[in-house]
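# Notes for the structure review
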Amino acid sequence: MPKLRVGVLVSHNGSNLRALHRAAAEPAARFEVVAVISNNSGSPGLAYAREHRIATRHLSGKTHPGPDQLDEAIRAMFVEHSVELVVTAGYMKKLGPRTRKQFAPNILNIHPALLPRFGGPGMYANHVHQAVLDSGDTVSGPSVHIVDDEYDTGAVIAQLEVPVLAADTVDTLAARVLTAEHTLLPLVVQQIATGHHLYLDSRP
Ligand code: GRF
């Protein structure tokens, strides 16, 4: 049976990309990472993909000044590589309507908190973890959700809880959540690849 073809978008570090790629090398894996796009030509995630001979492209406002052209270039790259599932993993931009129309609902994002709390515009990176610490919550953890046309509002399909400890700083909490991301994201992609039907809550 052919493996599920996954396209990944990254902006910076790309540790989730690396986790996915490593999981794809497991004998039981039913998916493969076939294309990686970054808006950041200096992204370590992009460099990793190149080193591992994954098809890569730097596509950004610099390479494509018009948002519509950029959207089309992203769509075309993934179509060219017969991508079936798109994952935004630390991608700091919104996907355009052409890419969404081509691939939705098969577009996933990973977010470093338990959505629907601590999501939306401005809720990224350490802002998220600071907000969790400020809230006094005793659990946090990553969420995987379907991408729609807003930030962090699409249906949540999986979460993994980690404790928030009294002594936590933003950095210690971020590290614990990121480690959980590296477990959760490959699991979700493998589940989709093996034909598990995900329950999507379509209530408003
Ligand atoms: C992760 O915390 C992810 O949840 C968020 O951005 C971060 C990306 O980390 N969307 P990395 O680039 O995968 O290391």
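The preceding data block contains the structure.
Predicted model, so just to flag it, every value in this text is computed and none were measured.

### Here we look at the pattern of salt bridges
Following the criterion strictly, the structure yields 8 salt bridges and no others. One salt bridge in this structure joins Arg75 and Glu72, with 2.9 Å as the shortest N-O distance. Remark: Glu72 and Arg75 occur in helix α3 (residues 67–80); sequence separation between them is 3 residues, near one turn of the helix. For Arg75, a relative accessible area of 21% corresponds to the partly exposed category.

### A closer look at the site of the ligand
All residues adjacent to the ligand are Asn13, Gly14, Ser15, Asn16, Gly90, Ile110, His111, Pro112, Leu178 and Glu181. Contact with the protein chains hides 81% of the accessible area of the ligand, taken as 370 Å² for the molecule alone. Mapped by element, the contributors of at least two residues to the shell around the ligand are α1 (15–24), β5 (107–111) and α6 (170–193). Across the shell around the ligand, the residue classes tally to 3 nonpolar, 6 polar and 1 charged.

### Quick notes on the pairing of strand β1 (residues 4–10)
Summarising burial for β1: 6 of the 7 residues are buried, a large majority. For β1 and strand β2 (residues 31–38), the ladder comprises 7 bridges, and the chain directions are parallel. Each residue of the ladder has a partner; that of Val8, found in β2, is Val36. One ladder, built from 4 bridges, connects β1 with strand β4 (residues 85–88); its direction is parallel. Within β4, the residue paired with Gly7 across the bridge is Val86.

About the thresholds
- Residues numbered from 1 in each chain as written.
- Predicted model: local features only at pLDDT ≥ 70, side-chain atom pairs only at ≥ 80, totals over all residues.
- Heavy atoms only, no water.
- Salt bridge = Lys/Arg side-chain N within 4 Å of Asp/Glu carboxyl O.
- Helix = DSSP H or I, 4+ residues; strand = E, 2+ residues; numbered from the N terminus.
- Buried < 20%, exposed > 50% of the residue type's maximum accessible area, 1.4 Å probe, protein only.
- Near = heavy atom within 4 Å.
- Areas by Shrake-Rupley, 256 points an atom, 1.4 Å probe, with all protein chains shown as cover.
- Nonpolar A, V, L, I, M, F, W, Y, C, P; charged D, E, K, R; others polar.
- Pairing = 2+ DSSP bridges.

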